[in-house]
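Fold and geometry: a report
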Amino acid sequence: MLITALTAACFLAAYFSWSYSLKLKSVNYLPGMRPPLSAISAFGALIPTSWWNPGLHWSWEWRKTNYFNYKHDVISMVPLIGRPIYYTCSLPVMKQLLKEEGKLGHVKPTEMTDAVLVWGQNLLSANGDVWKRHRRIVAPAITNETYELISQQAAALYEDMVRAAKWENEQVVTVNNINQYIRRFALGIISRCGFGLQMAWTDPNTKNTEEEMSFPTAMEWVATTLVPWSLVLPRWSYRLPSKWLRNMEHARSSLAEYMNTFVETKVQELSGVTDGDDHAQRGDIFTRLVAGLDRSGKTGLEKQEVIGNTFALMFAGHETTSSVLSATLGYLAFHQDEQEKAYQEILAATPANGELGTEYLAKLTHTLACFHESARMIPAAHVIPRDVIDDVAVNVTSPTPGTIVFPKGSRIIIDMVAIHHNPETFLDPEVWRPSRWYGVSEHDLTMFSTGPRVCPGRKFAQMEAVSFLAHLLRDWKIDIEPRNGETRKQLEERVMGNTKFIGLAFGVRPVGLKLIARK
Ligand code: HEM
């Protein structure tokens, strides 16, 4: 018995050592991490970052020293259990990989995009020709009219927020969790401007009973809980006797029903539109997507694809922007001089009637730079994963100039945290300095990626962020209270260094702020 067990153990050890040596060979023995579990496997991600397990947060936790002190453009992670992965902290490598990706045909790993496929194929998850068709229809659906709508709706939502929170007559307000307000604001903006859904600040349908769940609540559950957990949990588990799992299933089915109704209603609305009417051309994003339903072949979307894209845009469009906006407010509270600059800029741009339209927002370059700098410090889209379908060669400069070939079938993770904290690219990367974004061209706003799959919601996010900041900073000076004799520096490290995943977006944990009325 003992001999059998020992022999089995020997075989197992020999097998592991043989398969591990193959994995090392597959990455050409490129230096890097050799953990027991992959950082993006279900178990590896759930275990906190520590010396033996990189975990989901390794890139952030070790951001000051990663990639052998940023002396290697590309490293490999070869886990004992799980597939080997290349990671890069180099902006030039990212550009080489993504610039031509339409031609090179990289694909997004399905395990990492399946979670947003539940409602139908969509721009976020699709690859190849399917992606091209979705991109052709979805990206142009965000138009100048959308940006105009954002500036109008941001003003209305901001007023609703102040009223609902009863801040109107207050001189000083203490907010324990500004992120909550911003999340609701961002969901309100994408619902109203993207999909013409007049989501009120205070949800009248707050009962959220077993039978009925409101749209915002269902969206919140799905975006922050169902999507990330569905990467780990099997589908059947939603039927297990647990209130939490039941809620998740309830949220999924409620959202499916809402989205189905939205599409049906919009189809009926559009069926009343005569040929000469350009209503569909002028409409919000959703109207344009539904207008594409009738078409076929290369220019059309199926009903389930319209629903898939509706969800994808809602999802991609609110968690990311709200994460960066929360971080921006945190940084502005710590950097009073930069906040004052933004305030003066906003005052100078505000017309006599107080209305901030798109033309005034275009003048808020410093305010926008504060948003960009926060997106650099804490990138909401923290990784860009790709599988290459052919050998791909890239030029590197560190540790020595040369070429690295990623063999066909390999997985590469473009590490957005490391790219944005790499001192070779960003001088003093740990310093929050908005001026580094002054005059930077749209194509170099790295936090929105680059190449054909660059974020189509970039301008949407910028308009939304600047509109919100313009209203809030005009009315309130924001500050943050130290605790137990902390210095401002220590406080900043504690608050802004404390990050987590909100759904699939990366962001700062709840930030508590003091708002002091400007008048
Ligand atoms: C601060 C806010 C945002 C940031 C930092 C951000 C960042 C990014 C990044 C880095 C990508 C590339 C991901 C990849 O290729 O794997 C991306 C893609 C995407 N983003 Fe954004 N995004 C933001 C806001 C938005 C908004 C507001 C929308 C919609 C209204 C949106 C919709 C999308 C979509 C649909 C894609 C997939 C595009 C494709 O694959 O062709 N994003 N975003």
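Here the structure is a predicted model, which is why all the values come from computation and not from measurement.

1. Some points on the sheet that holds strand 5 (residues 383-387)
- Spatially, five strands are ordered 1-2-3-8-5 in an open sheet, and the strand pairing comes out mixed. Each edge of the sheet is formed by a strand with only one pairing partner; in this case those strands are strand 1 (32-33) and strand 5.
- Across five bridges, the pairing between strand 5 and strand 8 (residues 411-415) is antiparallel. By the bridge assignment, D387 is partnered in strand 8 with R411.
- Of the strands in this sheet, strand 2 (74-77), strand 3 (85-88), strand 5 and strand 8 touch helix 5 (residues 91-99), which is tilted by about 125 degrees from strand 8.

2. Examining empty space enclosed by the protein
- Scanning the entire structure with this criterion turns up one cavity of 30 Å³ or more.
- What the largest cavity holds in volume is close to 130 Å³.
- In this structure, the largest cavity is lined by 16 residues; those nearest its centre are L56, W58, S59, H382 and V383.
- The dominant element in the lining of the largest cavity, judged by the number of residues it contributes, is helix 3 (residues 58-61), at three residues.
- Looking at the lining of the largest cavity residue by residue, the classes come out as 11 nonpolar, four polar and one charged.

3. Structural notes on the site of the ligand
- In the vicinity of the ligand lie 25 residues, with W131, R135, R386, R453 and C455 positioned nearest.
- Contacts to the ligand include L123, whose backbone N or O atom sits 3.5 Å from an oxygen atom.
- R135 is positioned with one of its side-chain polar atoms (N or O) 2.8 Å from an oxygen atom of the ligand.
- Those elements that provide at least two residues to the shell around the ligand are helix 8 (128-138), helix 15 (303-334), strand 5 and helix 20 (458-475).
- Element by element, the count of residues in the shell around the ligand is highest for helix 15, at six residues.
- Here the shell around the ligand is built from residues that sort into 16 nonpolar, five polar and four charged.

4. Examining the coordination of the iron atom of the ligand
- With respect to protein ligation, the iron atom of the ligand binds only C455 (SG), at 2.3 Å.
- Along the chain, C455 turns up in the loop between helix 19 (416-420) and helix 20.

5. Quick look at the packing of aromatic side chains
- Enumeration according to the criterion identifies 20 aromatic pairs in this entry.
- When the ring of Y15 is compared with that of F16, the centres are 6.2 Å apart and the planes differ by 65 degrees; the resulting orientation is edge-to-face.
- Taking relative accessible area as the criterion, Y15 reaches 49% and is therefore assigned partly exposed.
- Pairwise contacts between aromatic rings join W58, W62, Y67, Y70 and Y87 into one cluster.
- Just above the ring of W60 sits the side chain of R63; from NZ or CZ to the centre is 3.8 Å.
- Between the NZ or CZ atom of R518 and the centre of the ring of Y343, over which it lies, the distance is 3.6 Å.

6. What to know about the layout of surface pockets
- Looking at the second largest pocket, its volume works out to about 420 Å³.
- Forming the boundary of the second largest pocket are 20 residues, of which A362, T365, L368, H372 and Q462 lie nearest the centre.
- When residues in the lining of the second largest pocket are grouped by element, the largest group, five residues, is from helix 20.

7. Side note on the sheet that holds strand 9 (residues 476-479)
- Taken in spatial order, the three strands make up an open sheet running 4-12-9, and their pairing is antiparallel. A single partner strand is all that each edge strand has here, and the edge strands are strand 4 (172-175) and strand 9. Across the sheet, the mean angle separating the axes of adjacent strands is 20 degrees when strand polarity is ignored.
- Pairing geometry for strand 4 and strand 12 (residues 513-517), over four bridges, is antiparallel. By the bridge assignment for strand 12, V173 is matched with L515.

8. Some details on the nonpolar core
- Formed by 112 residues in total, the largest nonpolar core has its most connected members in L255, L289, F311, L329, I378 and F460.
- Of all the elements, helix 15 adds the most residues to this core, at 14 residues.
- The contacts of F460, once residues within four sequence positions are left out, are I142, T146, Y147, I150, I189, I190, C193 and I285.
- Core analysis: the next-biggest nonpolar cluster, separate from the first, contains 23 residues, Y20, L24, M94 and L97 among them.

9. Description of the packing of helix 9 (residues 144-164) against helix 10 (residues 178-195)
- Contact pair helix 9 / helix 10: the axes reach a minimum separation of 9 Å and the direction vectors enclose 140 degrees. Looking at the two axes, helix 9 sits oblique to helix 10. Helix 9 and helix 10 meet at a crossing whose hand is right-handed. Residues T146, L149, I150, Q153, A154, A156, L157, Y158, D160 and M161 of helix 9 lie in contact with helix 10, whose contacting residues are Y181, F185, G188, I189, R192 and C193.
- A class-by-class count of the residues in the contact of helix 9 with helix 10 yields 11 nonpolar, three polar and two charged.

10. Some remarks on the environment of M219
- For M219, the location among the structural elements is in helix 11 (residues 215-230).
- Note: C-alpha distance between M219 and H382 (163 residues apart in sequence) is 22 Å.
- Those residues in contact with M219 that lie beyond four places of it in its chain are L187, L255, F311, M314, F315 and H318.

11. Notes on the side chain of T499
- Along the chain, the position of T499 falls in strand 10 (residues 499-502).
- Polar side-chain contacts of T499 include one of 3.2 Å to the side chain of W60.

12. Regarding helix 15
- Compared with an ideal rise of 1.5 Å per residue, which puts 32 residues at 46 Å, helix 15 spans 47 Å between its outermost C-alpha atoms and is within 8% of the ideal.
- Counting buried positions along helix 15 yields 28 of 32 residues, so the element is predominantly enclosed.

13. A closer look at the packing of helix 11 against helix 15
- For the pair helix 11 and helix 15, interaxial distance at closest approach is 11 Å and the crossing angle is 80 degrees. With respect to their mutual orientation, helix 11 and helix 15 come out roughly perpendicular. For the pair helix 11 and helix 15, contact is made by F215, M219, V222, A223, T224 and V227 and by F311, M314, F315, H318 and E319, respectively.

Criteria and cut-off values
- Within each chain, residue numbers correspond to sequence positions counted from 1 in written order.
- Given that the model is predicted, a residue must reach a pLDDT of at least 70 before its local features are reported, and side-chain atom pairs must reach 80 or more before they are shown or counted; all residues, however, enter totals for whole chains, interfaces and linings.
- Where side-chain values are given, they derive from all heavy atoms of the structure, hydrogens and water being excluded.
- In this description, strands pair whenever DSSP reports at least two bridges between them.
- The helix count covers DSSP runs of H or I at least four residues long, the strand count covers runs of E at least two residues long, and both are numbered beginning at the N terminus.
- Whether two residues are in contact is decided by their heavy atoms: any pair within 4.5 Å suffices.
- Axes here mean lines fitted to C-alpha atoms, for a helix over just the part in contact, with angles spanning 0 to 180 degrees between N-to-C directions.
- Put simply, the grid is 1 Å and covers the protein atoms alone, a cavity is a trapped set of points that fit a 1.4 Å probe, a pocket is an open set with protein on both sides within 12 Å along at least five of seven lines, and lining residues have an atom within 4 Å of a point.
- Grid points are joined across faces, edges and corners, and a volume is the space filled by probe spheres set on the points.
- Any residue that is not Ala, Val, Leu, Ile, Met, Phe, Trp, Tyr, Cys, Pro, Asp, Glu, Lys or Arg is counted as polar, Gly included; the first ten are nonpolar and the last four charged.
- We call a residue near a molecule or strand when any one of its heavy atoms sits within 4 Å of it.
- Polar contacts, as used here, are pairs of N or O atoms within 3.5 Å; protein pairs need one atom able to donate a hydrogen and one able to accept it. Residues neighboring in sequence count only if both atoms are side-chain atoms.
- Counted as donors are N, O and S atoms no farther than 2.8 Å from the metal, or 3.2 Å for Na, K and Ca; water is not among the atoms, and sites may therefore look incomplete.
- The rule is short: rings of Phe, Tyr and Trp, with Trp giving its six-membered ring, pair when the centres are within 6.5 Å, and they are stacked under 30 degrees, edge-to-face over 60, tilted in between.
- Only protein chains enter the accessibility calculation, which uses a 1.4 Å probe. A residue is then buried if its area is under 20% of the maximum for its type, exposed if over 50%, and partly exposed in between.
- Put simply, a charge is over a ring when the Lys NZ or the Arg CZ is close to the ring centre, within 6 Å, and near the line of the ring normal, within 35 degrees.
- The set of buried Ala, Val, Leu, Ile, Met, Phe, Trp, Tyr and Cys residues whose side-chain atoms join them within 4.5 Å is what this entry labels a nonpolar core.
- In what follows, roughly perpendicular refers to angles from 65 to 115 degrees, roughly parallel to angles under 35, roughly antiparallel to angles over 145, and oblique to any angle outside these ranges.
- Each crossing gets its hand from how the near helix is turned against the far one by less than a right angle, where anticlockwise is left-handed and clockwise is right-handed.
- Expected helix span is taken as 1.5 Å per residue step, with the number of steps being one fewer than the number of residues.

These results come straight from atomic positions and should not be treated as a statement about function.
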